[in-house]
Structures are given as C-alpha cells and as structure tokens.
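Here is how the chains run, residue by residue.
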Amino acid sequence: MQLSAPRAAWPTPIIAMLGAVVCALVTPVSAQDFQKDIVPFLNKYCYECHDAELAKGHLNLEGFKDDSRFFRDQRVWREVVSQVTSGEMPPVKKKVRPSPAEVEALQTSVHKLLANAIAKAKPDPGDVTIRRLNRMEFNNTIRDLCYLEENFSADFPADDTGYGFDNIGDVLTFSPVHLERFLSVGEQIAAKAMPSKPNELDGTGFAMIEMLPKGRREEQQRYFDPAPYLTGPMTAPRDGDYIISVSLRSTGPASDPAAKVAFLVDGTEVGTYQFKAVKKSEVAEVKVPALKAGKHEFTLKWLNPPAKISGNARTLSGLRLRLLGPTDTRTELQRKLAVVVGTTTGDVRAKAVANWFVSRAFRRPATSPEIARYAKVFLEGEKSGANWESGAQAMIAVVLASPKFIFRGEQDEKPTAREAHAISEFALASRLSYFLWGSMPDDELFQLAYAGKLSANLEAQARRLLKDPRAQFLTQGFGIQWLQLRQLSTVSPDPTLYPKFSEAVRASMMKETELFFAEVVREDRDVLDLIDGDFTYVDRTLATFYGLNAEFSRARDRGEFVRVTLPKGDRGGILTHASILTATSNPTRTSPVKRGKWILEQILGTPPPPAPPSVPTLDGQQLKGNLRERMEQHRRDPACASCHSRMDAIGFAFEKFDGVGLMRTTDEGKPIDPSGKLSDGRSFAGAGELKQVLRKDGTKIVRNLSTKLLTYGLGRGLDYYDGPAVDKITDSTMKGGNRFSALVLGVVMSDPFRLRRGTSQVESGSESPKKK
C-alpha cells in the first residue's frame, strides 16, 4: 500500500494527543528543528516514493520545507505518523525499516510541531451552511410543532447524502418538486392539525376473536367460553377521557338473570354494565376518565355466569371491543391555541396566534413585520371560514411553506465581529435539538434561549435531551447511517445458496442492530461495547435464524424483540450482526474485501485508497482454490497487495460467517481459516480475537466516532481547522470512560458547534462532499 494524501474525509486516527494542557506548554519550533528532526527520517524512508518526481498516492513530502503550514497540512502529518507507527509505512517489502526509537522520535517531533501550530492558530469554527430540513427532520418537526405523527414527507424526493449522512447542508438541494410537495403537504398538515369543523368521535378497535384466553368462537362471534373473561390490548393515542364500547349478545332462558359485565383497564375495574334482559343484543359502554397515552390491557368480565359455562344454553358473546376518544375531539394544536387565544378576538387574537406559532415554526422570536403579515393571513382566513380555526388553518399552511420554516438559517447577532464568536441562543437551541432529536427545540430550550441562559446551561441541557425518549432519533439519524445499514435493503442474497434468508429475516436483522445501538445511547454505555458487546436483541424470526434460545413473553406477538446474552464465542457486537455481514457480502459469497474495507472505513477511520483502475477484479481472474487461496493469488500482484494486505486480514477473520451472517466451518469443501496478522505484527485466530485487538485500538475507534458525530452534528464535512476540536472530543470522551454521553457532550461543547466565524476568517478551501 502506498501512502495517500488525505482528501475530503477526516484523517487517520493517531494516539490521543494535543489536549489543552499540551497546547499550553508547547514551545516554538523553528524551521531548523523541522529540518533537523523530520527531514532526515523522510529522506531515509519516504522520499523514494513520495518525492516531487514520483509523488505516489499524490503525496509529495519533499515539498514540505518547514513548519509554516503545519496547521493547514495537519491531515497529512497525522496520516504520516499513523502509517509509520502502524508499520504500514515504509512498505513491508522494504529491507531497511525504521527502528522503534526512530519511529518514536518521529512521532514526538510531529506531535510537537502540531501542538505548536494548534496553539498559535485562532479558533476557526468553519462555515455555517443554511440547511433544508431533510425528510426525517421534517416529520419530527411537524410532530413537535403541530402534534401530528405521520410520514408527511413520504412523497418528497430522496435526500442526497454527503460524508455518509443525509443532513449535510451542501447536498440538501431544493428543487421545483420540493417546492410543489412542501406547498401541498403544508395544506394537508394545516387541515389535520387545525380543522375548521369539530372532529367526530373516533377510536380504535380489537376483534374479540383475538382476545385471550382462546376459546369458543362461531365465525366472528367470540364467546365467554370456557373462561368468564376476555382480555386484549388497545392503545390510547394521547391522554384524555375515553369510552369503552362493545356490542354483546346474551342468550338463555327467560328465567335466568340478565348478564352483567365489568370493564377493567390494566386490571382495575372502571365500570359495569347490566343487560336489560337475558336474551338480547346490547351495546355496553363505560367511561374511562384520565386514561394515559399508550398501550393498555382491556378486560371484559362476565360477573354472573352459570356455574358451568361450556355447553350451557346461557351464553354471552361479542364481536368487537372499541376504545373511543379522547372525548375532547379537538386536536392537540387546537387545545394549545385555545389557551393562547383565551378570550381575545379580532386583531389581538390574530397577532397572538401568529406570534406563538411563527416563533415556534421559525425557531426564534417572530419579528413585528412577520407577526403583522401572518396575522393578516389569519384574519382573511377567519373571514372566509366564519371561525377563528379557519384563520389559524390558513395561517399555518402559509407558515409551513415559508423558507424560514423549511430551512435552518442562523442569524448572526454580531455580523461585524472580526473573530470567531458565539452563535445566538436560538441558533444554539436549534443546533442542539436537531443534533439529538432531529427536531425543533422544546419549551425549556426556548425559555432558556429567551432568557439568554442556554449557553450557560448547555451541558445540562444536552444531558436532559439525551435522557428524553426522542434521543432515540440518534439511532436512525446517526447510527444507521454511520454503519451504512441503509444498503441492507438493496442486497439480494442468492436464495439457492442462502435459503434461510427472507424479507422477514432482513427486517429483523435491521431491527437487531437498531435496538443494539439504541441501548448504547439509552443506557449510556461504553461506545467500545459496539465492538464486542455480549448481548443482542432477537425476535422469533431472528432467534430461529441464529439458532439462539430466547424467552418471549407474549406468545401471539411475532414481532416482539427480547434482549439475550450471547454465549462466549465469535458472535458479539455489531461486527458480527447479520445485518452488517449481509450488507458487506456479495450475492453468492462472502467478501473479505468488503468486510475488511468496511471496518477500516467505518470503525477505524483508516480508509484504503481507491483500487487502481487497471487491476482486474477477483472474479475476473482465472484463479484456483477456495476463496482464501484465490485471494492470496490475487495479492501477488504488487498493485493489489498494498491495499489487500490491510483489508483481507481483517475480512478473513469473519469468514466463519457466511453471506447472510450464519455460522459455518467450511467453504467450498475446505476448513475455514479465520486467522490473520495485521501490518503491525499483531495476530489473531478469528473474529473473537480480532475484536479484542480492535478494542485495544480504542483511541482510533473513539477518534473516528468523534469525527463522524461532529460531522453529523455540524451538518458539514470537516476540514483541517477542525482538527483541534476532534482532538478535544476524543480526549474528553476517553476521560469520560468512553460513555456515549461523553462523546455527545464533547461535540456539543466544541468550538465548531458553539461558535461561528468572524469577518476576518477566510473561507474554507475544502472540497464539496460527494453525493451518494
């Protein structure tokens, strides 16, 4: 492998360094020191391939004469140190290699130069790019702004991605199709959130034939037989008063007592119903006050059944149990605005509604001209619709079509400041909420921003947001994209070779990884547990697929996932999730290259350079033997060896997992050899030992996660001036026990997250992100 000049992606991780203490203690380093400490090593080991004439990997180290550009070129020097300390450079084939003392001396000298360069540099938080809400953020924002939880962006064009994420400002384009869809869906949302006419009482239902315990049924009619009670789940969409309604049929001799039924919610009786006659069909209803939102167990209990139910002429049966409500049929937004409106009328009411809604929608205080404009829309709508709800609906539709809602713009309160300075309190609130929740700020963030106290309470608020259920957005918004798992939906394993794979298995694979990552977030685990955590989540489909024993609590719920502790062995952590192993395989076989490359890129942050265009693919060559033997033959080509020596060793560690992640012991009739050796000489016998090796490289993993999460949090690619921030995030995360919260707090408290550029700071010369 040849050393390549780093480009758009953030550099290779190196040993944690350059913290604030180091920067404070550094002493100036002269150009003579560079010539004395760095150049001799380069001359002895590097210039042969990386001089002005050859410049392999587009890297000319001979062009560096002193430390004057060390801050701007820090990516190069971090890469140089990483390659040398890992043993990858100089190439293994070179007979003359640096001694440990020479390697340590180079590392010390480069670190000293970098620390000095960083200490002299002024903080540069980088560009602020206006960002369109992506599809997920749009849905989440509508959920918190209008209190509607639907996929309103389903018909929007797909969001482009840059640097691996779909929230990068530079690639979130806005097309005529976007404009058309935003206008259309804005009207739909306004009509649902603020209907101009009262809603009818609605609800959910549950077929009684599905209720437990199982028993006698005739067509769709379910009898209280053999037990005098039936139980089933229903979900209350929000807090409120409800009505339980059921159509029951009673039969029996006229001399028998009329049926009496009790209604229970989560085991507590909430009411009873007495039939008027023995032989009759009646609709039984009871009111349930102050029912909390969520799933509940509803039970119907026949209070006066015959001594022997089965075979008796006296019966009780029903078709469907219904939960109606809340009985207050106003939408959540209607109730909120009713409080805002109070007893006001006319222009005062219009301005009150406009101020409240526009300030929340634009995520900062509405200006007087804005309030006047949207109040006018309100009054016109009120006049044409004959009620204030019509005015609010018209205003909401217009607000949701505004660029100030659709785009996340950040007003600079100090536009003439020459140096980096804090972003506004409201911009900070939005950065924080969209980073952790993928949605707008909540009331507490707004209140702190209005009071000018959010910056002073930033760490406490970040911790609060992390503990909120909405922080699980990080799983989909960050985790799944970082792991590149969206591509799992596009792979097509050969059904003949992998008959156990199915669409149900594919869905369960994805859910397993989502739940695993979600636990790391929710329980604030060590991020290195992602590598070798001894637990996972399975449903019945995946438990059968893996051959795992798992205890499930609800016999009828096929979609139930349970947490299981894995037996000691190779499986454990996301690297051995079937989702990852399937997504990094070919349709007809495993791919050690893809698996190794994925770990280098997504886990370690040390991507190999692109393959030379002239090199033939493995399947395009006439090679013999099993996959490992063919790969070894492929690596004999010098053009292939440099890259494959890194990727293949890692990828072959997972060869005991087939193309869909199932365990195996042979390949093409031969025993599988999952052993390997890294370029630094460390060896391993299989996936289990490799994960131990990787965990010892925790600094690399944490730094890569710091880089990825900062990229995601800022919505832009990183550049050379972000290096100090990544150093500090890595250092603070490791000091915090590698807890996920420490990683998040490192990003939130970083200069790029809290500051913006001044007028004296030049624009970045970084490359535009590549769309995917």
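Residues numbered from 1 in each chain as written. Predicted model: local features only at pLDDT ≥ 70, side-chain atom pairs only at ≥ 80, totals over all residues. Heavy atoms only, no water.

Tell me about the overall build of the chain, and name the residues and values.
When helices and strands are counted, the chain shows 29 helices and 20 strands. In the chain, buried positions account for 54% of the 772 residues. Across the chain, contacts joining residues at least 24 apart in sequence account for 73% of those joining residues at least 6 apart. (Helix = DSSP H or I, 4+ residues; strand = E, 2+ residues; numbered from the N terminus. Buried < 20%, exposed > 50% of the residue type's maximum accessible area, 1.4 Å probe, protein only. Contact = heavy atoms within 4.5 Å.)

Account for the nonpolar core, with residues named and values stated.
In this structure, W482, F654 and F740 are the most contacted members of the largest nonpolar core, which totals 92 residues. Among the nonpolar cores identified, the runner-up in size contains 45 residues, and A350, V358, A361 and F378 belong to it. (Core = buried A, V, L, I, M, F, W, Y, C linked by side-chain atoms within 4.5 Å.)

An account of the packing of aromatic side chains is requested, with residue identities and associated values reported.
Tallied over the entire structure, the rule returns 29 aromatic pairs. With centroids separated by 5.3 Å and ring planes inclined at 75°, the aromatic side chains of F138 and F182 adopt a geometry described as edge-to-face. Of this pair, F138 sits in helix α7 (residues 135-146) while F182 sits in helix α8 (residues 176-193), and the two are 44 residues apart along the sequence. Of the residues examined, F138 reaches a relative accessible area of 1% and is grouped as buried. The class of F182 is buried, set by a relative accessible area of 2%. Each member of the aromatic cluster is reached from another via a ring pair, and the members are F165, F435, F478, W482, F517, Y712, F740 and F753. Lying over the aromatic face of F535, R563 brings its terminal NZ or CZ to 4.2 Å of the ring centre. A cation over a ring is seen here: R757 above Y721, with NZ or CZ 5.0 Å from the ring centre. (Phe/Tyr/Trp six-rings, centres within 6.5 Å; stacked < 30°, edge-to-face > 60°. Lys NZ or Arg CZ within 6 Å of the ring centre and 35° of its normal.)

Outline the packing of helix α14 (residues 425-436) against helix α15 (residues 443-451), supporting the account with residue identities and numerical values.
The contact between α14 and α15 brings their axes to 8 Å, and the two run at 155°. The angle between the axes of α14 and α15 places the two elements in the roughly antiparallel class. Between α14 and α15 lies a crossing whose hand is right-handed. Residue-level contacts link E425, F426, A429, L432 and S433 of α14 to L445, F446, L448, A449 and Y450 of α15. (Axes fitted to C-alpha atoms, helices over the stretch in contact; angles between N-to-C directions. Parallel < 35°, antiparallel > 145°, perpendicular 65-115°, else oblique. Left-handed = near helix turned anticlockwise from the far one by under 90°.)

How would you summarise empty space enclosed by the protein if you had to cite specific residues and measurements?
To locate leftover empty space, one rolls a probe as large as a water molecule over the atoms. Throughout the structure, instances matching the rule amount to 6 cavities of 30 Å³ or more. Roughly 150 Å³ of volume is contained in the largest cavity. Lining the largest cavity are 14 residues, and of these D127, V128, T129, R431 and L714 lie nearest its centre. Residues belonging to the lining of the largest cavity are distributed by class as follows: 5 nonpolar, 3 polar and 6 charged. (1 Å grid on protein atoms, 1.4 Å probe; cavity = no way out; pocket = protein on both sides within 12 Å on 5 of 7 lines; lining within 4 Å. Points joined across faces, edges and corners; volume = space filled by probe spheres on them. Nonpolar A, V, L, I, M, F, W, Y, C, P; charged D, E, K, R; others polar.)

Please provide a residue-by-residue account of the layout of surface pockets, values included.
Taken as a whole, the second largest pocket encloses approximately 1100 Å³ of empty space. As for the second largest pocket, its lining consists of 39 residues, and the residues nearest its centre are Y147, P237, R238, E332 and R335. Elements that contribute at least two residues to the lining of the second largest pocket include exactly α7, α8, β2 (203-207), α9 (332-341) and α10 (346-362). Classifying every residue of the lining of the second largest pocket by side-chain character gives 14 nonpolar, 7 polar and 18 charged.

Account for unusual backbone geometry, naming residues and giving values.
Backbone torsion omega between D225 and P226 reads 15°, so that peptide bond is classified as cis. Within the fold, P226 resides in the loop between β4 (221-223) and β5 (229-236). Omega for the peptide link from G325 to P326 comes to 0°, which places this bond in the cis form. Looking at the secondary structure, you find P326 in the loop between β11 (315-324) and α9. One non-glycine residue with positive phi stands out, namely D266, at about 55°. Within the chain, A386 stands out as a residue other than glycine whose phi angle is a positive 75°. Inspection of the secondary structure puts A386 in the loop between α11 (368-385) and α12 (388-400).

Break down the pattern of salt bridges for me, citing the residues and quoting the values.
Under the defined criterion, the tally for this structure stands at 48 salt bridges. Of the charged contacts in the structure, one is a salt bridge between D73 and R69, with a shortest N-O distance of 3.3 Å. Owing to a relative accessible area of 48%, R69 belongs among the partly exposed residues under this scheme. With its nearest N and O atoms 3.9 Å apart, the salt bridge here joins E210 to K214. By relative accessible area, E210 is classed as partly exposed at 39%. Accessibility expressed as a relative area gives 54% for K214, which makes it exposed. Via salt bridges that share partners, E519, R525, D526, D529, D532, R563 and R695 belong to a single interconnected network. (Salt bridge = Lys/Arg side-chain N within 4 Å of Asp/Glu carboxyl O.)

Report on the sheet that holds strand β7 (residues 260-265), specifying residues and quantitative values.
The 4 strands are arranged β5-β10-β7-β8 in an open sheet whose pairing can be described as antiparallel. Of all the strands in the sheet, the pair left with one neighbour each is β5 and β8 (268-274). Taking each pair of neighbouring strands and ignoring which way they run, the sheet shows an average axis angle of 25°. Looking at chain direction, β5 and strand β10 (residues 294-302) are connected through 8 bridges and run antiparallel. (Pairing = 2+ DSSP bridges.)

Tell me about the pairing of strand β6 (residues 240-251), residues and numbers included.
In terms of strand pairing, β6 meets strand β9 (residues 280-291) through 10 bridges, oriented antiparallel. The partner of I244 across the bridge, within β9, is V286.

Just give me the short version of the packing of helix α16 (residues 458-467) against helix α28 (residues 740-748), but keep the residues and values in it.
Direction vectors running N to C along α16 and α28 enclose 135°, while the axes themselves pass 10 Å from each other. Taken together, α16 and α28 sit at an angle that is classed as oblique. You can see that α16 and α28 cross each other, and the crossing is right-handed. Side by side, α16 and α28 meet where L458, E459, A462, R463 and L466 of the first sit next to F740, S741, V744, L745 and V748 of the second. Classifying every residue of the contact of α16 with α28 by side-chain character gives 7 nonpolar, 1 polar and 2 charged.

Requested: an account of helix α6 (residues 100-120), with residues and values cited.
The periodicity of an α-helix, 3.6 residues per turn, causes residues three or four places apart in sequence to face the same way. Counted at 1.5 Å a residue, the expected span for α6 with its 21 residues is 30 Å, and the 30 Å between its end C-alpha atoms agrees. The set of residues buried in α6 consists of V103, L106, Q107, S109, V110, H111, L113, L114, A115, N116, A117 and I118. (Expected span 1.5 Å × (residues − 1).)

Now, about a nonpolar patch on the surface: what can you tell me, with residues and values included?
Together, F174, L179 and L183 make up an exposed nonpolar region whose accessible area comes to about 250 Å². Looking at where F174 falls in the secondary structure, it is placed in the loop between α7 and α8. (Patch = residues over 30% accessible without salt bridge, like charges linked within 9 Å, V, L, I, M, F, W, Y side chains within 5 Å. Areas by Shrake-Rupley, 256 points an atom, 1.4 Å probe, with all protein chains shown as cover.)

How would you summarise the side chain of S439 if you had to cite specific residues and measurements?
Position of S439 among the secondary structure elements: in the loop between α14 and α15. Among the polar contacts made by the side chain of S439, one reaches the side chain of D144 at a distance of 2.6 Å. For S439, the residues in contact, after removing those within four places along its chain, are N140, T141, R143, D144, S433 and Y434. (Polar contact = N/O pair within 3.5 Å; in protein donor to acceptor, adjacent residues only side chain to side chain.)

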